[in-house]
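Letter by letter, the chains look like this.
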Amino acid sequence: MSKKLSTKCVHSGGIKDEKFFGNITPIYPSITYNYLKSDSYPRYFNTPNQLAVSKKIADLEGAEDAVLFGSGLAAVANSMFSILKSGDHVILQKSLYGGTINLVDNEFKKFNINYDYVDVNNDQALQKSLKNKTKIIYIESPSNPLLTITDLKKISEFSKKNNLISLIDNTFSSPINQNPLNMGIDLVIHSATKYLAGHSDLLAGAVCGSTKLISKIKKSGLNFGSNISEYISWLLERSIKTLSVRVLKQNENAMKIADFLVNHRAVNKVYYPGLKNHEKHEIALQQMTGGFGGMVTFELNSNMNSDRFVENLQIIQPTMSLAGVESTITSPTQTSHKKMDINLREELGITKNLLRLSVGIEDSDDLIHDLSESLNGNK
Ligand SMILES: *Cc1c(COP(=O)(O)O)cnc(C)c1O
């Protein structure tokens, strides 16, 4: 019988300590091996700790194979540049992680790779964006920072019908909440820096998919050379053991917080796929099988000062990144979307008073009390 996700978090991958019989994976820090007996070298993605954690992540996504990189963005860049060649065209979802947009806007043109940002939930717009040379369709769901939901089944059908390769950035869901390969998506990318690691203390990325596609990415990836060390691989494997308990608690806390915020006078809007009033709640319900995630985005009323609100929080910390065990909050207009054209930003709904909360594993009563005190004391 196939094991459940929480069991896979603990037991998949890993290396048996056959020498000393310890019960956890040992660290093998060698970067060089006896060439008569082994072709291992960290840049070839084939050292013991890298393989151990790749196996764990592949199992969690239901993938044949997975490959690790030194950061989430390295996973995004290596996937795309391994598949694409000059003259190819890429369809990208309109709302994506800022770093991905910067990669595409600053690097693709240099290599004569064409692209369009498309409202991928709009069938007509999607069909219209298709070109002879379209090779990849790239999506993210839920997306940053407004937690928009893209219909994964629809995208995978469109992709298959037109012989494209579909990629999803699944960082915000984690493998606990959503497994896009099951819905026919070809490659799943994670910034392992976020939920997979979960403690705000390491940088890594992963790509999961078929042996064929992952081999292709490894083949080019070893030339690009953005690999992960054995130490970080080991730490990541250790971290993933608690992924399921962390994410399930974060789902639960986030749902309670979203419900609290929706009913608060000082809050204008709440974006959370678990809320019935979320535009794509029904689709989220179908494809986010584990839960709706730990990210809650909300907009304070215009008479509120969002900086003062954040400063007054006692438990929730202002940070740029997300997905740690500790709750953190960020202002997209002051961080990830700072450089975006103001009009475009406002049009998308990314306003000055918008805040993106990454809900941690603290007690939900304490988090709600923290939010409540700051909301009430700040009018
Ligand atoms: C953080 C993040 C990335 C980039 O990951 P790094 O590990 O910072 O390189 C990509 N996608 C999403 C959705 C992210 O949140």
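If you're wondering where the values come from, they're calculated on a predicted model, not measured in any experiment.

A.B. asks: It is not clear to me how the sheet that holds strand β5 (residues 165–169) should be interpreted in this structure. Could you clarify?
C.D. replies: Each strand in a sheet pairs with its neighbour through backbone hydrogen bonds, running either in the same direction (parallel) or in the opposite one (antiparallel). With mixed pairing, seven strands are arranged side by side in an open sheet as β1-β7-β6-β5-β4-β2-β3. Each edge of the open sheet carries a strand with a single partner, namely β1 (65–69) and β3 (114–118). Averaged over all pairs of adjacent strands, the angle between their axes in this sheet comes to 20°, without regard to strand direction. Relative to the sheet, helix α2 (residues 48–61) contacts β1, β6 (187–191) and β7 (205–209), its axis offset from that of β1 by approximately 125°. Packed on one face of the sheet, helix α8 (residues 211–224) meets β1, β5, β6 and β7 and runs near 25° to β1.

A.B. asks: Is there a simple way to explain unusual backbone geometry in this structure?
C.D. replies: Negative phi values dominate among residues other than glycine, just as trans dominates among peptide bonds. The step from S141 to P142 runs through a cis peptide bond, and the omega angle for that step is -5°. Residues N144 and P145 are joined by a peptide bond in cis, for which omega reads -5°. Mapped onto the elements of the fold, P145 is located in the loop between β4 (134–140) and α6 (152–161). The phi angle at L147 is positive, at roughly 55°, despite the residue not being glycine. On the basis of relative accessibility, which here comes to 1%, the residue L147 falls in the buried class.

A.B. asks: Can you help me understand the side chain of S173 in this one?
C.D. replies: Following the sequence through the fold, S173 ends up in the loop between β5 and α7 (174–177). There is a polar contact of 3.4 Å between the side chain of S173 and the backbone oxygen of S141. A polar atom in the side chain of S173 sits 3.4 Å from the side chain of Q178. The residues touching S173, leaving out its near neighbours within four places in the chain, are S141, P142, Q178 and M288.

A.B. asks: Is there a simple way to think about the site of the ligand in this case?
C.D. replies: Residues in contact with the ligand amount to 13 residues; listed here are only the nearest, G72, L73, D169, T193 and K194. Between the ligand and T193, the relevant distance is 2.6 Å, taken from an oxygen atom to a side-chain nitrogen or oxygen of the residue. Interatomic distance of 2.7 Å between a side-chain N/O atom of K194 and an oxygen atom of the ligand. The fraction of the free accessible surface of the ligand (380 Å²) that becomes covered by protein chains is 92%. Among the residues making up the shell around the ligand, the classes are represented as five nonpolar, five polar and three charged.

A.B. asks: I would appreciate a short explanation of the pattern of salt bridges in the present structure.
C.D. replies: Pairing between side chains of opposite charge can happen when their charged atoms approach one another. Following the criterion strictly, the structure yields eight salt bridges and no others. Between K55 and D59 there is a salt bridge whose closest N-O contact spans 3.3 Å. A residue pair is termed a helical-turn pair when its members lie 3 or 4 positions apart in one helix, as K55 and D59 do in helix α2 at four residues. Judged by its relative accessible area of 44%, K55 is partly exposed. For D59, a relative accessible area of 21% gives the class partly exposed. Between E252 and K256 there is a salt bridge, with its nearest N and O atoms 3.8 Å apart. Taken together, the residues span about one helical turn, with E252 and K256 both in helix α10 (residues 243–262) at a distance of four residues. Residue K256 is classed as partly exposed on the basis of its relative accessible area of 38%. Each of K85, D88 and K135 takes part in one network of salt bridges that share partners.

Definitions and cut-offs
Along each chain, residues carry numbers from 1 onward, in the same order as the chain's sequence is written. It should be noted that, the model being predicted, local features are given only for residues of pLDDT at least 70 and side-chain atom pairs only at 80 or more, the latter also being counted only at that level, while totals for whole chains, interfaces and linings use all residues. Values shown for side chains rest on all heavy atoms present in the structure; no hydrogens or waters enter the calculation. Should DSSP find at least two bridges between two strands, the strands are regarded as paired. Elements are defined by DSSP. Helices are runs of H or I of four residues or more, strands are runs of E of two residues or more, and each kind is numbered from the N terminus. Between N-to-C directions, angles span 0 to 180 degrees; the directions come from axes that are lines fitted to C-alpha atoms, helices contributing only their stretch in contact. Residue contacts follow a heavy-atom distance rule, with two residues in contact if any of their heavy atoms lie within 4.5 Å. We call a residue buried when its accessible area falls under 20% of the maximum for its residue type, exposed when it is over 50%, and partly exposed in between, using a 1.4 Å probe and counting protein chains only. For the purposes of these results, a polar contact is taken to be a pair of N or O atoms within 3.5 Å, where, inside protein, one atom must be able to donate a hydrogen and its partner to accept one; residues adjacent in sequence count only when each atom of the pair is a side-chain atom. Any residue with at least one heavy atom within 4 Å of a molecule or strand is counted as near it. Per-residue and other accessible areas were derived by the Shrake-Rupley procedure at a 1.4 Å probe size, with only the shown protein chains allowed to occlude residues. When residue character is reported, Ala, Val, Leu, Ile, Met, Phe, Trp, Tyr, Cys and Pro are called nonpolar, Asp, Glu, Lys and Arg charged, and the others, Gly included, polar. The salt bridge criterion pairs a side-chain nitrogen of Lys or Arg with a carboxyl oxygen of Asp or Glu, the two atoms within 4 Å.

Distances and angles like these do not, on their own, reveal function.
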